[in-house]
Amino acid sequence: MTSHQPTEFVVLPETRARRIVEQLLDGSGIALNGSNPWDLRVHHPDFFSRVLHQGTLGLGESYMDGWWDCDRIDEMAYKMLRHGLGERSRTPKERLAYRMQSGFLNLQSKARAYIVGEAHYDLGNDLFARMLDPTWCYSCGYWKDATTLHEAQLAKLELAARKLELEPGMRVLDIGCGWGSFAEHAARHHGVEVTGITISREQAELGRQRCEGLPVEILLQDYRDLDGHFDRIVSIGMFEHVGHRNYRTYFDTVDRLLDSQGLFVLHTIGSNTSDISADPFINKYIFPNGVLPSTTHINKASEGHLLMEDWQNFGADYDLTLMAWLRNFDAHWPEIADNYSERTRRMFRYYLAVCAGAFRARNLQLWQVVFSKGRPGRYDAPR
């Protein structure tokens, strides 16, 4: 497929595929070639058969190829999901292939752990610099009292720090530290020493630059290879890459590294069900081998290791975060357009908007979970 397709409206073909798509959309509030910002404007007559045969992958790839447009993809996705088109939009072949693959292979083994770093996080710091806020947080902000993306990300970092009850001189481990957002914040504002790990070379290099002069060490390392002893552990936006076959190993590692009086904050996107699945488009283009945990997954994997002290859901805030990233991305794209293809631009726009719609529809959640090792006394989590 190429992206050099006509951009004008096409006369909708009188085909069985078109009729099926219209039937699926009936009652959703989404029209074909309609005037609402969430309506699909079809530019290619083969759009309908492609989507029916390839499901969500075909929908995303056909957008990347310019086969359709929509002013508010986030609202389109929201309406589709509220209409019940989420699981139905994945073909049986897609579901079976992923379940067979994840059933026989450890898609997040140590040998494969760096794939997502190379495919996504190493894409280009120039892109992420323009999409994210100055904290370089690439995870959900906390919008309770915030009015801007930067305020929300600072509030998220401080919320995690307060939940950890940080004190000067503590040794903190940041599993999946990204570009050093939490490490820099905790070291600068709470006087702690931080060891951060990431599987992205681009993140590690920039994170070290951002934390220069602070008691922060950032390592290019897999969590399973960690040694040491830490007063506090935090993991923000990394657990989505661990995979169901490794959940127990992950909590084994946290248990082994955490002090007996320590606290662990896990910040992760969550699934409403325990099905082992992944959206084919996100899996292919954005986060290869990613799997979203359920409450059951987390509870079972942590049982016998850690005591759950608090569980907070602010998934609705990810909608706001993603839309803020999308506005930044659109506003600053001309500055980096020469470095990327038009197909990459459409890929990122589609990913951000569709994910915003999924959180808006409450199909996805965002959890901050606080664990201890059963230390004495009461724990009151800040909000």
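Reading the values: rules and limits
- Residues numbered from 1 in each chain as written.
- Predicted model: local features only at pLDDT ≥ 70, side-chain atom pairs only at ≥ 80, totals over all residues.
- Heavy atoms only, no water.
- Helix = DSSP H or I, 4+ residues; strand = E, 2+ residues; numbered from the N terminus.
- Buried < 20%, exposed > 50% of the residue type's maximum accessible area, 1.4 Å probe, protein only.
- Contact = heavy atoms within 4.5 Å.
- Arc of directions from axis to C-beta.
- Core = buried A, V, L, I, M, F, W, Y, C linked by side-chain atoms within 4.5 Å.
- pLDDT = per-residue confidence, 0-100.
- Axes fitted to C-alpha atoms, helices over the stretch in contact; angles between N-to-C directions.
- Parallel < 35°, antiparallel > 145°, perpendicular 65-115°, else oblique.
- Left-handed = near helix turned anticlockwise from the far one by under 90°.
- Nonpolar A, V, L, I, M, F, W, Y, C, P; charged D, E, K, R; others polar.
- Pairing = 2+ DSSP bridges.
- Phe/Tyr/Trp six-rings, centres within 6.5 Å; stacked < 30°, edge-to-face > 60°.
- Lys NZ or Arg CZ within 6 Å of the ring centre and 35° of its normal.
- Expected span 1.5 Å × (residues − 1).
- Polar contact = N/O pair within 3.5 Å; in protein donor to acceptor, adjacent residues only side chain to side chain.

## Quick notes on the overall build of the chain
Right, so step 1: Each helix and strand in the chain was counted, giving 14 helices and nine strands.
Right, so step 2: When the 383 residues of the chain are sorted by exposure, 58% land in the buried category.
Right, so step 3: Put simply, of all contacts in the chain between residues at least 6 apart along the chain, 74% involve residues at least 24 apart.

## Thoughts on helix α1 (residues 16-25)
Right, so step 1: Of the residues making up α1, those classed as buried are A17, R18, V21 and L25. Down the axis of α1, the sector holding all buried residues measures 100°, keeping them to one side. Seen from the open side of α1, the exposed residues pointing more than 90 degrees away from its buried face are R16 and Q23.
Right, so step 2: Looking at the buried side of α1, the elements it contacts are α2 (47-64) and α3 (73-82).
Right, so step 3: Of the residues flanking the end of α1, it is G27, one or two places downstream, whose phi is positive at about 95°.

## Some remarks on the side chain of T198
Right, so step 1: Within the fold, T198 resides in strand β4 (residues 193-198).
Right, so step 2: Aside from chain neighbours lying at most four places away, what touches T198 is C177, G178, Q203, A204, I218, L219, L220 and Q221.

## Focus: the nonpolar core
Nonpolar side chains in soluble globular proteins tend to be buried together.
Right, so step 1: Within the largest apolar cluster, 68 residues are counted, with the highest numbers of intra-cluster contacts made by W68, Y138, F281, F348 and Y351.
Right, so step 2: Here the element with the most residues in this core is helix α14 (residues 342-360); it accounts for 10 residues.
Right, so step 3: Sequence-distant contacts of Y351, that is, excluding residues within four places in its chain, are made with H120, Y138, F281, I282, I286 and F287.
Right, so step 4: Among the nonpolar cores identified, the runner-up in size contains 26 residues, and M170, V194, L263 and V265 belong to it.

## Let's talk about the confidence of the model for the chain
Right, so step 1: Chain-level pLDDT for the chain is 91 on average; 89% of the residues reach the 70-or-more range.
Right, so step 2: A low-confidence stretch, residues 1-6 (pLDDT under 50), is modelled with 13 contacts involving residues beyond four sequence positions or located in other chains.
Right, so step 3: Within the model, the stretch residues 97-105 combines pLDDT values under 50 with 18 contacts to residues more than four positions away or in other chains.

## Section: the packing of α2 against α14
Right, so step 1: The contact between α2 and α14 brings their axes to 8 Å, and the two run at 135°. With respect to α14, the axis of α2 lies oblique. By crossing handedness, the relation of α2 to α14 is classed as right-handed. Of the residues in α14, those in contact with T56, L59, G60, E61, Y63 and M64 of α2 are R343, R346, M347, R349 and Y350.
Right, so step 2: Of the residues that constitute the contact of α2 with α14, the class distribution is five nonpolar, two polar and four charged.

## Observations regarding the side chain of R18
Right, so step 1: Relative to the helices and strands, R18 is located in helix α1.
Right, so step 2: Look at R18 and you get buried, because its relative accessible area is 14%.

## A short note on the sheet that holds strand β5 (residues 216-220)
Right, so step 1: If you walk across this open sheet you meet the seven strands as β5-β4-β3-β6-β7-β9-β8, and the pairing is mixed. Whereas interior strands pair on both sides, the edge strands pair on one side only; in this sheet they are β5 and β8 (307-313). Each strand of the sheet is rotated relative to its neighbour by a mean of 15°, with strand direction disregarded.
Right, so step 2: As defined by bridge partners, strand β3 (residues 171-175) adjoins β4 across five bridges and the pair is classed as parallel.

## Observations concerning the packing of aromatic side chains
Right, so step 1: In this structure the tally under the stated criterion is 31 aromatic pairs.
Right, so step 2: With centroids separated by 4.9 Å and ring planes inclined at 20°, the aromatic side chains of F239 and Y247 adopt a geometry described as stacked.
Right, so step 3: The class of F239 is buried, set by a relative accessible area of 0%.
Right, so step 4: Using a relative accessible area of 3% as the deciding quantity, one classes Y247 as buried.
Right, so step 5: With 5.1 Å between their ring centres and 35° between their planes, F281 and Y285 make a pair best called tilted. Here the residue F281 and the residue Y285 both occupy positions in helix α11 (residues 280-286), the gap between them amounting to four residues, near one helical turn. An identical accessibility class is assigned to F281 and Y285; each is buried.
Right, so step 6: One residue, R50, lies across the ring of W67, its end atom 4.5 Å from the ring centre.
Right, so step 7: Positioned over the ring face of Y63 is R346, at 4.0 Å from the centre of the ring.

## Remarks on α14
Right, so step 1: Its 19 residues place the ends of α14 27 Å apart at the C-alpha level, agreeing with the 27 Å of an ideal helix rising 1.5 Å per residue.
Right, so step 2: Counting buried residues in α14 gives 15 out of 19 residues, a clear majority hidden from the surface.
Right, so step 3: Once α14 finishes, R362 follows within two positions and takes phi at roughly 65°, a positive value.

## Observations regarding unusual backbone geometry
Right, so step 1: One non-glycine residue with positive phi stands out, namely N33, at about 55°.
Right, so step 2: For N33, a relative accessible area of 25% corresponds to the partly exposed category.

## So, the environment of T135
Right, so step 1: Note on placement: T135 falls in the loop between α6 (125-131) and α7 (149-164).
Right, so step 2: On a C-alpha basis, the gap between T135 and L157 in space is 9.3 Å, while along the polypeptide they are 22 residues apart.
Right, so step 3: Ignoring sequence-local partners within four residues, the contact set of T135 consists of H150, Q153, L154, L157, S181 and R210.
Right, so step 4: At a separation of 3.2 Å, a polar atom in the side chain of T135 contacts the main-chain amide nitrogen of C137.

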